[in-house]
Amino acid sequence: MEIHRTLGDKVRIYRRADGGAWHCSTYMKGKEWRKSTKERSLARAKDVAEDWYLELCAKDRFGELHTGKTFAEAAKKFEEEYEAITRGRRSPKWVQGHKDRIRLHLVPFFGKKTVNQITSGLVQEYRVHRMTEPKRDDPTDQQADKDVGRKGKAKAKAKKQAEPKPWKPPAIPSITKLSL
């Protein structure tokens, strides 16, 4: 593996043996940070790596560089522990329902955030998000485009089947009892 250093040995630029794109890495806030430069030229890769490192330093200075366990990681660990703790006290169906709610609703919203980024304000944003009707593409138009070859009643039937059910907000108790 070819390795070069820049910015006073703060950034390593390396390329694996297959001769693909250059990658860069640095160590900051007790963690190793890595990124592909997506460049095959060493000179351009050095420029990209230096810019990336300076961006990391700026994010660190302004408190925007977050480290720690993500919500998705914590949720996975919770699922494992919840199943073990409730074994014999809750039915498997109850536990699976809990896992499904986490997977379908909480992880898509909070998943990439670190646990220390989740505040009461963010939880309130989640509540608003859940109570707001989602924006959707009109599936009737998409289905109609697919059904161009159909005629008359068959086309009308296909369009009616493609219409989505009206949106209904979730039950209030499922949102107000959210506790993190």
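Now for a quick tour of the structure. (Residues numbered from 1 in each chain as written. Predicted model: local features only at pLDDT ≥ 70, side-chain atom pairs only at ≥ 80, totals over all residues. Heavy atoms only, no water.)

Examining the overall build of the chain
Using the following cut-off: Working definition: helices are DSSP H or I runs of at least four residues, strands are E runs of at least two. Numbering for both runs from the N terminus. Throughout, a residue-residue contact means that at least one pair of heavy atoms, one from each residue, lies within 4.5 Å. For accessible areas, the Shrake-Rupley method is used with a probe of radius 1.4 Å. Any residue's cover is judged against the shown protein chains and nothing else.
Tallying secondary structure elements over the chain gives 7 helices and 4 strands in all. The helix and strand sequence of the chain, counted from the amino end, reads β-β-β-β-α-α-α-α-α-α-α. If you take every contact in the chain between residues at least 6 apart in sequence, the share linking residues at least 24 apart comes to 45%. When the accessible surface of the chain is totalled, it reaches about 13400 Å², and 51% of it is carbon and sulfur.

Describing the pattern of salt bridges
So the rule is basically this: Salt bridges are defined by distance alone: a side-chain nitrogen of Lys or Arg within 4 Å of a carboxyl oxygen of Asp or Glu.
Evaluated as defined, the whole model comprises 5 salt bridges. For the salt bridge of Arg 44 with Glu 39, the shortest nitrogen-to-oxygen distance reads 3.0 Å.

A short note on the pairing of strand β3 (residues 23–28)
Heads up, the condition is: Each residue is placed in one exposure class: buried if its accessible area under a 1.4 Å probe, protein chains only, is under 20% of its type's maximum, exposed if it is over 50%, and partly exposed if it falls in between. A pair of strands is treated as paired once DSSP finds two or more bridges between them.
In terms of burial, β3 is largely enclosed, as 5 of its 6 residues are buried. Direction of pairing for strand β2 (residues 11–15) relative to β3: antiparallel, over a ladder of 3 bridges. From the neighbouring strand, Tyr 14 faces β3, where its bridge partner is His 23. Pairing of β3 with strand β4 (residues 31–36) involves 6 bridges; the strand directions are antiparallel. Note that in β4 the partner of Met 28 across the bridge is Lys 31. Taking the residues between adjacent antiparallel strands as the criterion, β3 and β4 are bridged by 2 residues, where Lys 29 takes a positive phi near 55°.

Some remarks on the nonpolar core
Rules: Residues belong to a common nonpolar core when they are buried Ala, Val, Leu, Ile, Met, Phe, Trp, Tyr or Cys residues joined through side-chain atoms within 4.5 Å.
Ranked by size, the top nonpolar core spans 12 residues in total: Val 11, Ile 13, Trp 22, Cys 24, Met 28, Trp 33, Ala 45, Ala 49, Trp 52, Tyr 53, Leu 56 and Leu 65. With 5 residues, helix α1 (residues 42–61) is the largest single contributor of residues to this core. When residues no more than four places from it in sequence are discounted, the contact partners of Trp 33 are Cys 24, Ser 25, Thr 26, Met 28, Trp 52, Leu 56, Leu 65, His 66 and Thr 67.

Regarding the sheet that holds β3
Convention followed: Comment: axis = line fitted to C-alpha atoms, over the contacting stretch for helices; angle = value between 0 and 180 degrees taken between N-to-C directions.
If you trace the 4 strands from one edge of the open sheet to the other, you get β1-β2-β3-β4, paired in antiparallel fashion. The open sheet has two edge strands, β1 (2–6) and β4, and neither has a second partner. Each strand of the sheet is rotated relative to its neighbour by a mean of 25°, with strand direction disregarded.

Looking at the environment of Gly 111
Take Gly 111: it is sitting in the loop between α3 (92–110) and α4 (120–131). Look at Gly 111 and you get buried, because its relative accessible area is 8%. Considering only alpha carbons, one finds Gly 111 and Ala 74, 37 residues apart in sequence, at a separation of 9.1 Å. Other than its neighbours up to four places away in sequence, Gly 111 contacts Thr 70, Phe 71, Ala 72 and Leu 106.

Some details on the packing of aromatic side chains
Test applied: Note on aromatic pairs: the rings of Phe, Tyr and Trp (six-membered ring only in Trp) are paired at centre separations within 6.5 Å, and the planes decide the class, stacked below 30 degrees, edge-to-face beyond 60, tilted for the rest.
Taken as a whole and judged by the stated rule, the model has 5 aromatic pairs. Centroid distance Phe 109 to Phe 110: 4.9 Å. Interplanar angle 80°. Geometry classified as edge-to-face. Judged by its relative accessible area of 23%, Phe 109 is partly exposed. For Phe 110, a relative accessible area of 0% corresponds to the buried category. Their ring planes at 40° and their centres at 5.3 Å tell us that Phe 110 and Tyr 126 sit as a pair that is tilted.

With respect to the packing of helix α2 (residues 71–86) against α3
Formally: Here the word oblique covers every angle except those under 35 degrees (roughly parallel), over 145 (roughly antiparallel) and from 65 to 115 (roughly perpendicular). Note on residue categories: nonpolar means Ala, Val, Leu, Ile, Met, Phe, Trp, Tyr, Cys or Pro, charged means Asp, Glu, Lys or Arg, and polar means any other residue, Gly included.
Put simply, α2 and α3 touch, their axes get as near as 10 Å, and they point 170° apart. Our classification of the angle between α2 and α3 gives roughly antiparallel. Between α2 and α3, the contacting residues are Phe 71, Ala 72, Ala 75, Phe 78, Glu 79, Tyr 82, Glu 83 and Thr 86 on the first element and Trp 94, Val 95, His 98, Lys 99, Ile 102, Leu 106, Val 107 and Phe 110 on the second. For the contact of α2 with α3, the residue count by class is 11 nonpolar, 2 polar and 3 charged.

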